[in-house]
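What the coordinates show
Residue strings, one per chain:
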Amino acid sequence: MAQIQDVLLPDIGDTEGVRVIEVLVHEGDTVAVDQSLLVLESDKASMEVPSTVAGTVVEVKVTTGGSVSEAMVLVRIAADESAKPEPVEPAPPASEAAPPLAPGERGPGGEGPAPPPAPEPGDPTPEPAGLPPIDEAAFATSYASPAVRHFARELGVDLGRVKGSGRKGRISREDVREFVKQALSRGPGSATGGAGIGGFDWPQLPEIDFSKFGPIERRPLHRIRKLSAANLHRSWLHAPHVTQHEEADVTDLEAFRKSLAAEAEREGVKLTLLAFLVKALVTSLRAYPELNASLDGKGEELILKKYFHVGIAVDTPNGLIVPVVRDADQKGLKEIAREIQDLAGRARDGKLHPQDLQGAGFSITSLGGIGGTFFTPIINVPEVAILGVSRALTKPVWQDGHFVPRLLLPLSLSYDHRVVDGAMAARFIVHLSGALAEIRRLLL
Ligand code: CAO
C-alpha cells in the first residue's frame, strides 16, 4: 500500500503567517518531486513550495488566502514507490543555476560566468543589448516565482514586459528565455524602440544558406553552451576589455610541485600548477584589491570583496562551466587541488550544485593542460578581471651574461578598463609573476 507522506512548509525565513496566494494542486492530482504545490507571498517576495514526494495528492491542507507557518503540513501525498529519481541533468552555468531566493534573501553576487548580483529594488539593472531597461514597478507586480525573478534580473529582463504562459499568466523561465531570444533576434535596440547598448546599433548578419556551397549538418547547441554564450556575449559587450600578457618564471615552482606531487598522489590528489596559481593569485589580490571587486549598478562605486573566492573555468563536453573555490586564502595547496579536481569532475558529470557556481570574485581559465601560448579570455562580468593561463615552456633566458633554460608560464590578464588602469594591470601581473617565482617562500 502506498505510504502517505506529508509535505511540510520548509524554513523560508519568515516564521509566521505567510499568505497562500495560489494552490496549484487538488486531491487526486499526480505530482512529481520538485513540482510546485503552492505559491506563498510574504511582504518581501513570493515563492513556490515544491513537492518533496512523487505520488498522488490525498489531501490539501491549505486554501488560497489562508496563511501558513514553518513546519506546517501543507499537502499529504500517497507516495509512488515506483517513482524513480529524475536523471541528473548537466549542471547549468551559474546564470541558470541560481537557487530560488528565499523571501528577503539576496543573490550573493559575483556568480559563475557573468551573472550580476541580485540588485536591490531601485538599483539600475544591467541592460543587455536589445533589451529595454527594467521598469521596477512593473517588475515588482509581475507574476513569477523568486527563482524566475532572479533569472530575469541576471539577464536584465523586465518581467513587466514578459507574457506568462503559465496558469493565470504566470511567467516561467522558458517565457523569459523566449523573450530574450525574440528581443535579440529582432536586433539590438529593437525592443527599446531605439539604439542598443551605449547608444550603438550594429548591422545584422545576413542569414546564409551554406548548403548552396556544399554538404552541411545542423547540430543543436546544448542548453549550457547557449547560456554560457549569452553570458559571454553580455560580458564582452559590457566591459571594455584589455588583455595584458606576461611570462612568469615557474622553474623553481615546477621543481617544488614535483617534490610534493608524489606524496599528494598517494593521498589521491593531482597537484597541478593550478593550485599554486590560486595561492599566488590570492597574494596578488590582497596587494591589488581593485581586481577582486565589482562595479555597482550605477557605475559610481567599486564593491571591494574581502573574501577570496576563485572561479575555475572547466571545459565540459556541453560547454564552459565556472565552479568556484571558496575562501582560497584559508585553504592549503592540497585542499585547493583536491577541490578543483572534485569541482571539475562534477562539472563534467553534471553534478554541480547551484552554490558551487556562485560568488566568484575573480576567475582563472587554464588551457595549460592543452597547449597554445597566450589568449584573450573574456571577463566573467561583474568580476573585473580574469587570468588566462597557457602551457609552460622551457625557453632560453638571458641571465648574468648568458642564456639559461627557464620554464616560463604564459599569463594573459583580461581586465575591465573602466575599473583597472593599464598601469595597475601591469603592476598586478608583475606582482603575480613574482609571487609564482617565489612560491616556495610564499607558502612556507
Ligand atoms: N603548463 C604545463 N603543463 C600544464 C599546465 C601548464 N600551464 N597546466 C596543466 N598542465 C599539465 C598538468 O600538470 C597535467 O599534466 P600530467 O597529466 O602530466 O600530470 C596536464 O597538463 C593536464 O592538466 P589538467 O587540465 O588535467 O589539470 P589542471 O589542474 O591544469 O586543469 C581544469 C584543470 C579543470 C582547469 C582543466 O582540466 C580545464 O578544464 N581546462 C580548460 C578550461 C577552459 O576551457 N578554458 C577556456 C575558457 S575560454 O573559452
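Please read these numbers as outputs of a predicted model, since none were measured by experiment. (Residues numbered from 1 in each chain as written. Predicted model: local features only at pLDDT ≥ 70, side-chain atom pairs only at ≥ 80, totals over all residues. Heavy atoms only, no water.)

Focus on the side chain of lysine 305
Within the secondary structure layout, lysine 305 lies in the loop between β11 (302-304) and β12 (310-312). For the buried lysine 305, which has no salt bridge, the nearest side chain bearing the opposite charge is glutamate 383, at an N-O separation of 6.5 Å. Side chain to side chain, lysine 305 and serine 294 meet in a polar contact 2.7 Å long. (Helix = DSSP H or I, 4+ residues; strand = E, 2+ residues; numbered from the N terminus. Buried < 20%, exposed > 50% of the residue type's maximum accessible area, 1.4 Å probe, protein only. Lys, Arg positive; Asp, Glu negative; His and termini not counted. Salt bridge = Lys/Arg side-chain N within 4 Å of Asp/Glu carboxyl O. Polar contact = N/O pair within 3.5 Å; in protein donor to acceptor, adjacent residues only side chain to side chain.)

Points about unusual backbone geometry
Cis geometry marks the peptide bond from valine 381 to proline 382; its omega dihedral reads 20 degrees. Of note, the phi angle at phenylalanine 374 is positive, near 65 degrees, even though the residue is not glycine. Within the element layout of this structure, phenylalanine 374 appears in the loop between β16 (362-366) and β17 (385-389). Phi is positive for aspartate 400, close to 50 degrees, though the residue is something other than glycine. When you line up the elements, aspartate 400 lands in the loop between β18 (393-399) and β19 (402-416). Using a relative accessible area of 77% as the deciding quantity, one classes aspartate 400 as exposed.

Comments concerning the nonpolar core
Of all hydrophobic cores here, the largest spans 57 residues; its most connected members are Leu277, Leu291, Leu411, Leu413 and Leu436. Elements with a contribution of two residues or more to this core: α6 (251-266), α7 (273-287), β12, α8 (333-349), β16, β17, β19 and α9 (422-437). Sorting elements by how many residues they give to this core places α7 first, with ten residues. With residues near it in sequence (within four places) discarded, leucine 291 still touches Leu285, Gly361, Phe362, Val384, Ala385, Leu413, Val420, Met424 and Phe428. Formed by 19 residues, the second largest nonpolar core is a distinct cluster that contains Leu37, Val57, Val62 and Ile77. (Core = buried A, V, L, I, M, F, W, Y, C linked by side-chain atoms within 4.5 Å. Contact = heavy atoms within 4.5 Å.)

With respect to the sheet that holds strand β3 (residues 30-31)
The strands that make up a sheet are held in pairs by hydrogen bonds between backbone atoms, and each pair lies either parallel or antiparallel. One open sheet holds the four strands; their spatial order is β1-β8-β6-β3, and the pairing between them is antiparallel. Both edges of this open sheet fall to β1 (4-8) and β3, since each of them pairs with a single strand only. Pairing of β3 with strand β6 (residues 55-60), which is carried by two bridges, proceeds in the antiparallel orientation. Looking at β6, one finds that valine 31 is bridged to glycine 55. (Pairing = 2+ DSSP bridges.)

Re the site of the ligand
Taken together, 20 residues lie around the ligand, and Thr272, Arg348, Thr365, Ser390 and Ala392 are the ones closest in. Between the ligand and the protein, one listed contact pairs a nitrogen atom with a side-chain N or O atom of threonine 365 at 2.7 Å. Between alanine 392 and the ligand, the recorded distance is 2.8 Å, taken from a backbone N or O atom to a nitrogen atom. Here the ligand, which alone exposes 970 Å², has 68% of that area covered by the protein. Those elements that provide at least two residues to the shell around the ligand are β13 (314-316), α8 and β16. Looking at the shell around the ligand, its residues break down into ten nonpolar, six polar and four charged. (Near = heavy atom within 4 Å. Areas by Shrake-Rupley, 256 points an atom, 1.4 Å probe, with all protein chains shown as cover. Nonpolar A, V, L, I, M, F, W, Y, C, P; charged D, E, K, R; others polar.)

Thoughts on the packing of α7 against α9
Viewed as axis vectors pointing N to C, α7 and α9 meet at an angle of 135 degrees, and their least axial separation amounts to 9 Å. The pairing of α7 with α9 is recorded here as oblique in orientation. Our pair here, α7 against α9, has a crossing hand that is right-handed. Contacts from Phe276, Leu277, Ala280, Leu281, Thr283, Ser284, Leu285 and Ala287 of α7 reach α9 at Phe428, His431, Leu432, Ala435 and Leu436. Across the contact of α7 with α9, the residue classes tally to ten nonpolar, three polar and no charged. (Axes fitted to C-alpha atoms, helices over the stretch in contact; angles between N-to-C directions. Parallel < 35°, antiparallel > 145°, perpendicular 65-115°, else oblique. Left-handed = near helix turned anticlockwise from the far one by under 90°.)

Digging into α6
Along its 16 residues, α6 runs 24 Å from first to last C-alpha, staying within 8% of the 22 Å computed at 1.5 Å per residue. At leucine 260, α6 shows its largest bend, some 35 degrees. Those residues of α6 lying buried are Leu253, Glu254, Phe256, Arg257, Ala261 and Ala264. Residues of α6 that are buried sit in contact with α7, α8, β19, α9 and α10 (439-443). Backbone geometry just downstream of α6 places glycine 268 in the positive-phi region, at approximately 80 degrees. (Expected span 1.5 Å × (residues − 1). Bend = angle between axes of the 7 residues up to and from the residue.)

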